[in-house]
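The residues making up each chain are set out below.
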Amino acid sequence: MRSHLKGIGASAGIAIAKAFRLVEPDLQVTKQRIGNRDAEEQRLRQAISRAKKEIEEITDYVNRELGADKAEILAAQTLVLNDPELLNPVFERIRTEGINAEFALKESADHFISMLEALESEYMRERAKDIRDVTKRVIAHLLGLSITDPGLISEEVVIIAEDLAPSDTARLNRRYVKGFTTDIGGRTSHSAIMARTLEIPAVVGTKQATSTIEHGTVVIVDGLEGEVIIDPSPETIAQYEAKKAQYETQKAEWAKLVHEPTVTKDGLHVELAANIGAPVDVNSVLENGGEAIGLYRTEFLYMGKDRLPTEEEQFVAYKAVLEKMQGKPVVIRTLDIGGDKELPYLELPKEMNPFLGFRAIRLCLDRQDIFRVQLRALLRGSIYGNLRIMFPMIATLDEFRVARDLLVEEKEKLQKEGYEVSDKIQLGIMVEIPSTALMADQFAKEIDFFSIGTNDLIQYTMAADRMNEQVSYLYQPYNPAILRLVKNVIDAAHANGKWVGMCGEMAGDPMAIPLLLGLGLDEFSMSATSILPARSQISMLSASEMKELANQALQLGTTEEVIELVKSGS
Ligand code: PEP
Ligand code: MG
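Quick caveat, the model's predicted, so the values are computed rather than measured.

Parameters at a glance
The numbering scheme is per chain: residues are counted from 1 as the chain's sequence reads. By the order in which they are written, chains take letters starting at A while ligands take numbers starting at 1. Side-chain atom pairs in this predicted model are given and counted only at pLDDT of 80 or more, local residue features only at pLDDT of at least 70, and totals for whole chains, interfaces and linings cover all residues. Side-chain calculation: all heavy atoms of the structure are included, whereas hydrogens and water are not. Think of it this way: any DSSP run of H or I at least four residues long counts as a helix, any run of E at least two long counts as a strand, and we number them from the N terminus. Radius of gyration: over C-alpha atoms. The globule rule applied is 2.2 Å multiplied by the number of residues raised to the 0.38 power. Only protein chains enter the accessibility calculation, which uses a 1.4 Å probe. A residue is then buried if its area is under 20% of the maximum for its type, exposed if over 50%, and partly exposed in between. Whether two residues are in contact is decided by their heavy atoms: any pair within 4.5 Å suffices. Shrake-Rupley sampling with a 1.4 Å probe provides the accessible areas, and residues are treated as covered by the protein chains on show and by no other component. Counting rule applied: Lys, Arg positive; Asp, Glu negative; His and chain ends not counted. The location of each charge is read from NZ of Lys, CZ of Arg, CG of Asp or CD of Glu. Only Phe, Tyr and Trp rings are paired, with Trp represented by its six-membered ring, and only when their centres lie within 6.5 Å; those with planes under 30 degrees apart are stacked, over 60 edge-to-face, the remainder tilted. For salt bridges, the criterion is a side-chain nitrogen of Lys or Arg within 4 Å of an Asp or Glu carboxyl oxygen. When DSSP finds two or more bridges between two strands, those strands count as paired. Think of each axis as a best-fit line through the C-alpha atoms, taken over the contacting stretch in the case of a helix, with angles from 0 to 180 degrees between the N-to-C directions. Here the term donor refers to an N, O or S atom within 2.8 Å of the metal (or 3.2 Å for Na, K and Ca), and because water is left out of the atoms, sites may appear incomplete. By convention in these notes, a residue is near a molecule or strand provided one of its non-hydrogen atoms lies within 4 Å of it. Polar contact criterion, stated in full: a pair of N or O atoms within 3.5 Å, where within protein one must be able to donate a hydrogen and the other to accept it, and residues adjacent in sequence count only if both atoms are side-chain atoms. Amino acid classes used here: Ala, Val, Leu, Ile, Met, Phe, Trp, Tyr, Cys and Pro are nonpolar; Asp, Glu, Lys and Arg are charged; the rest, including Gly, are polar. Here, the term disulfide refers to a pair of cysteine sulfur atoms separated by no more than 2.5 Å. UniProt positions are given in the numbering used here, feature names are shortened, and annotations may be inferred rather than shown by experiment. We call a set of buried Ala, Val, Leu, Ile, Met, Phe, Trp, Tyr and Cys residues a nonpolar core when their side-chain atoms join them within 4.5 Å.

Trainee: Sorry, what's going on with the overall build of the protein here?
Mentor: Tallying secondary structure elements over the protein gives 23 helices and 16 strands in all. The C-alpha atoms of the protein give a radius of gyration of 26 Å, which matches the 25 Å a tight globule of 570 residues would have. Considering only C-alpha atoms, the protein reaches an extent of 85 × 70 × 40 Å along its principal axes. Per-residue burial over the protein gives 55% buried out of 570 residues. When contacts within the protein are restricted to residue pairs at least 6 apart in sequence, those whose partners lie at least 24 apart make up 69%. Accessible surface, the protein as shown: approximately 24,700 Å² in total, 51% of it carbon and sulfur. Distance from the positive charge centre (65 side chains) to the negative charge centre (87 side chains) of the protein: 1 Å.

Trainee: Sorry, what's going on with the packing of aromatic side chains here?
Mentor: A ring pair, where both rings are aromatic, is described by two values, the distance of the centres and the angle of the planes. For the structure on display, the rule yields six aromatic pairs. Judged by centre distance (6.2 Å) and plane angle (55 degrees), the ring pair of Phe391 and Phe400 falls under tilted. The exposure classification of Phe391 matches that of Phe400, with both residues buried. One aromatic cluster is present, built from ring pairs that chain together Phe371, Phe391 and Phe400.

Trainee: Hey, could you run me through the pattern of salt bridges in this one?
Mentor: According to the stated counting rule, one finds 36 salt bridges in the structure shown. Across the salt bridge formed by Arg333 and Glu299, the nearest N and O atoms sit 2.5 Å from each other. One end of the pair, Arg333, is in strand E11 (residues 329–333); the other, Glu299, is in helix H11 (residues 299–302), and 34 residues separate them in sequence. The class for Arg333 is buried, based on a relative accessible area of 3%. Judged by its relative accessible area of 0%, Glu299 is buried. Salt-bridge contacts for Arg359 lead to Asp456; the nearest nitrogen and oxygen are separated by 3.3 Å. With Arg359 in the loop between E11 and helix H13 (360–366) and Asp456 in helix H18 (residues 454–462), this pair connects stretches of sequence that are 97 residues apart. For the pair shown, Arg359 and Asp456 are each scored as buried. Taken together, the salt bridges that share partners define one network made up of Glu299, Arg333, Asp336, Lys341, Arg359, Asp456 and Arg466.

Trainee: Would you mind going over the sheet that holds strand E14 (residues 449–452) with me for this structure?
Mentor: Backbone hydrogen bonds hold the strands of a sheet together, and the pairing may be parallel or antiparallel. Pairing in this closed barrel of eight strands is parallel, and the strands run E9-E10-E11-E12-E13-E14-E15-E16 around the ring. Strand-to-strand twist across the sheet, computed as the mean angle between neighbouring axes with direction ignored, equals 25 degrees. Across the face of the sheet, helix H14 (residues 368–381) comes into contact with E11 and strand E12 (386–391) while running at roughly 160 degrees to E12.

Trainee: Honestly, the coordination of the magnesium ion (ligand 2) in this entry has me stumped. Any pointers?
Mentor: Reference geometry at the metal: tetrahedral coordination by four donors gives ideal angles of 109.5 degrees; octahedral coordination by six donors gives 90 or 180 degrees. Summarising the metal site, the magnesium ion (ligand 2) is bound by the protein donors Glu432 (OE) and Asp456 (OD), whose distances to it range over 2.0 Å. Residue Glu432 is found in the loop between strand E13 (426–431) and helix H16 (434–438), and its partner Asp456 is found in helix H18; the two are separated by 24 residues along the sequence. Judged on exposure class, the residue Glu432 and its partner Asp456 are both buried.

Trainee: Just checking my understanding: could you explain the side chain of Ser451 for this structure?
Mentor: Secondary-structure assignment places Ser451 in strand E14. When residues no more than four places from it in sequence are discounted, the contact partners of Ser451 are Gly294, Met390, Ile429, Met430, Val431, Gly501, Met502 and Cys503.

Trainee: Whenever I open this one, the site of ligand 1 confuses me. Can you help?
Mentor: Around ligand 1, 16 residues are found, and the nearest of them are Arg297, Arg333, Gly453, Asn455 and Arg466. Measuring from an oxygen atom of ligand 1, one finds a side-chain N or O atom of Arg297 at 2.8 Å. In this structure, Arg466 approaches ligand 1 through a side-chain N or O atom, which is 2.9 Å from an oxygen atom. Here ligand 1, which alone exposes 290 Å², has 100% of that area covered by the protein. Sorting the residues of the shell around ligand 1 by element identifies strand E10 (292–297) and H18 as the ones contributing at least two each. At three residues, H18 tops the list of elements feeding residues into the shell around ligand 1. Here the residues of the shell around ligand 1 sort into three nonpolar, five polar and eight charged.

Trainee: When you look at the sheet that holds strand E6 (residues 202–204) in this model, what are you seeing that I'm missing?
Mentor: Taken in spatial order, the eight strands line up as E1-E8-E7-E3-E4-E5-E6-E2 in an open sheet, and their pairing is mixed. Strand pairing shows two members of the sheet lacking a second neighbour, strand E1 (3–6) and strand E2 (8–11), which therefore form its edges. If you compare each strand with its neighbour and ignore which way they point, the axes differ by 30 degrees on average. In this sheet, E6 lies alongside strand E5 (residues 177–182) in parallel orientation, the contact comprising two bridges. What sits directly across from Thr181, in E6, is Val203. Running over the sheet, helix H7 (residues 190–198) touches E2, E5 and E6 and is turned about 50 degrees from E2.

Trainee: Is there a simple way to think about the state of the cysteines in this case?
Mentor: Two cysteines, two sulfur atoms, one covalent bond between them: this is a disulfide. Applying the stated rule across the entire model yields zero disulfides. Looking at the unpaired Cys364, the closest cysteine sulfur is the one in Cys503, lying at 16 Å. In this structure Cys503 comes out as buried when scored by relative accessible area, which is 1%.

Trainee: Would you mind showing me how to read the UniProt feature "binding site: phosphoenolpyruvate" (unreviewed entry) in the protein here?
Mentor: UniProt's feature table lists "binding site: phosphoenolpyruvate" (unreviewed entry) at Arg297, Arg333, Asn455, Asp456 and Arg466, given in the numbering used throughout. Apart from the residues within four sequence positions on either side, Arg333 is in contact with Leu295, Tyr296, Arg297, Thr298, Glu299, Lys341, Gln374, Met390, Pro392, Met430 and Glu432.

Trainee: Hey, could you run me through the nonpolar core in this one?
Mentor: One recurring pattern in soluble globular proteins is that nonpolar side chains are buried together. Among the nonpolar cores identified, the biggest contains 99 residues, and Ile293, Tyr296, Phe371, Phe391, Phe450 and Phe524 are the most heavily contacted of them. Counting residues per element, this core draws most heavily on helix H19 (residues 480–495), which supplies eight residues. Residues Val90, Ile99, Phe112 and Ile139 belong to the second largest nonpolar core, which totals 29 residues.

Trainee: Before we go on, may I ask you to explain H7 in this structure?
Mentor: Helical geometry note: an α-helix holds 3.6 residues per turn, so side chains three or four residues apart project in the same direction. The element H7 is extensively covered by neighbouring structure, given that nine of its nine residues are classed as buried. His190, Ser191, Ala192, Ile193, Met194, Ala195, Arg196, Thr197 and Leu198 are the residues of H7 that are buried. Glu199 sits one or two residues past H7 and shows a positive phi near 60 degrees.

Trainee: So what exactly am I meant to see when it comes to unusual backbone geometry here?
Mentor: Across the chain, the bulk of peptide bonds are trans and the bulk of non-glycine residues have phi less than zero. One non-glycine residue, Ala360, lies in the positive phi region at around 50 degrees. Position of Ala360 relative to the elements: it lies in helix H13. Given the relative accessible area of 1%, Ala360 is considered buried. We note that Ala463 has phi near 50 degrees; this positive angle belongs to a residue other than glycine. Tracing the chain through its elements places Ala463 in the loop between H18 and H19. On the basis of relative accessible area, Ala463 is assigned to the exposed category, the value being 68%.

Set out below in structure tokens:
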């Protein structure tokens with residue numbers, strides 16, 4: 001069935017490949033009487049051995065691609081499938097009661113899961129999770145369904161999913177996953193940000209991808225326009241192949257700017273930095289001519305594990321990034337967990353409004369045991385490059401001061417222990433909360449720099465959840481209210497001799513760049529793939545004209561008026 005979906009272009013480029021549905025199957029089971037009890041036992045044995053084989057394959061893959069520590073997690077799952085305490089009662093019930101294997105297995109597993117979950121021990125609760133995962137896999141086989149693991153894809157595909165958890169996105173193999181499209185999410189949801197980091201074309205928030213696209217159908221993901229074409233005709237495929245080639249040519253033009261500085265027509269230099277989620281991302285930053293790292297989201301070090309990363313593991317990661325950047329600035333943000341980024345092993349209570357809840361610096365100031373480990377790792381890494389430390393989600397000056405004091409304490413402790421720590425570390429905060437943007441003059445006296453996190457600043461200013469398409473019309477980067485807050489931060493910083501960056505997605509948005517340049521932003525931090533197009537755009541703009549343009553925009557009433565102004569004036 002030929003058709004076409006509209007969504008949000010979350011990562012540029014065009015992908016044409018077969019659809020791979022990453023959708024959890026319906027694993028509901030009902031109690032049934034079966035005729036042949038031997039055959040039913042045999043069916044269960046087969047399903048168990050298929051599940052074992054699958055887990056082995058996943059373990060091998062994870063071991064190879066992601067390291068032995070992550071593979072360890074899966075070893076516990078194999079044990080479950082050899083556990084007589086779980087399985088013997090299932091075979092027993094099939095034999096004596098003549099009921100279907102899936103129902104007997106589900107009941108036995110549920111019994112163990114509720115027993116383990118009732119215990120205090122975190123270890124036991126983890127085992128409950130293993131039992132749940134493994135039985136799901138066996139039941140899927142019994143029902144003739146399968147549970148797919150995105151890390152195991154080994155042919156060229158476009159992924160179709162309701163949403164992708166950041167940990168799923170992190171495991172996608174770029175070699176095979178040519179693009180993805182989801183039902184929910186916006187440009188600033190973390191799966192979208194990851195797609196840009198991995199340079200995988202993506203369209204998110206289509207609302208209907210999973211309900212309309214069948215597994216195996218050819219689809220085109222046009223991340224430039226935010227369109228998905230399902231089962232295209234040969235003519236359409238040819239047309240998109242041409243568009244893809246054109247985009248590649250454009251990219252080749254941009255590539256000529258890799259080693260150039262970023263300078264406006266009238267000679268103003270600004271810094272183009274990149275946002276990263278892991279040390280490997282630095283390669284793409286350097287390939288794309290990044291002058292700095294403006295945001296290293298360290299939370300990915302904490303995700304996709306079943307425990308907190310150790311000081312040593314963190315130190316190795318931070319050192320690697322600093323060394324690879326060879327003295328260029330590297331802004332590392334301390335842990336920003338919460339919102340749409342969960343850490344199941346911390347077992348935090350579910351919240352009504354996770355984006356307004358116990359996240360980022362709030363959690364770190366409460367769980368100082370976790371925070372101090374990160375600060376130590378950062379401080380120890382500081383001698384390997386040009387480190388700047390940044391605290392996320394600062395709402396009050398007090399929060400900043402407490403966090404800063406902890407950093408100072410850890411520095412002194414390390415020095416007493418004989419470690420060398422750089423004395424050139426700049427310390428900054430993210431401006432993501434309107435209270436902080438409004439109080440920038442006070443903060444500016446105590447910080448070394450600001451980095452404006454518009455992904456959150458917009459959602460908090462407009463009271464519009466960044467994950468909710470229903471209110472995405474309110475998610476307005478060019479609203480004069482946002483521009484005024486940005487101006488307030490930049491003016492306050494400059495009055496105190498401090499610099500201001502922006503690491504929200506707005507910094508790489510071609511419509512926002514003229515305005516931000518005009519407002520005096522010093523550093524623009526974006527997905528690595530946006531750097532060269534931004535450098536090309538900035539080289540054609542005049543900073544003094546953009547100042548004029550920004551001043552006019554600040555006096556307008558609506559987003560639409562600002563867009564009109566930028567279109568006519570830049
Ligand atoms: C932001 O809020 O703009 C930001 C960069 O942080 P994150 O997207 O990780 O919340
Ligand atoms: Mg944020």
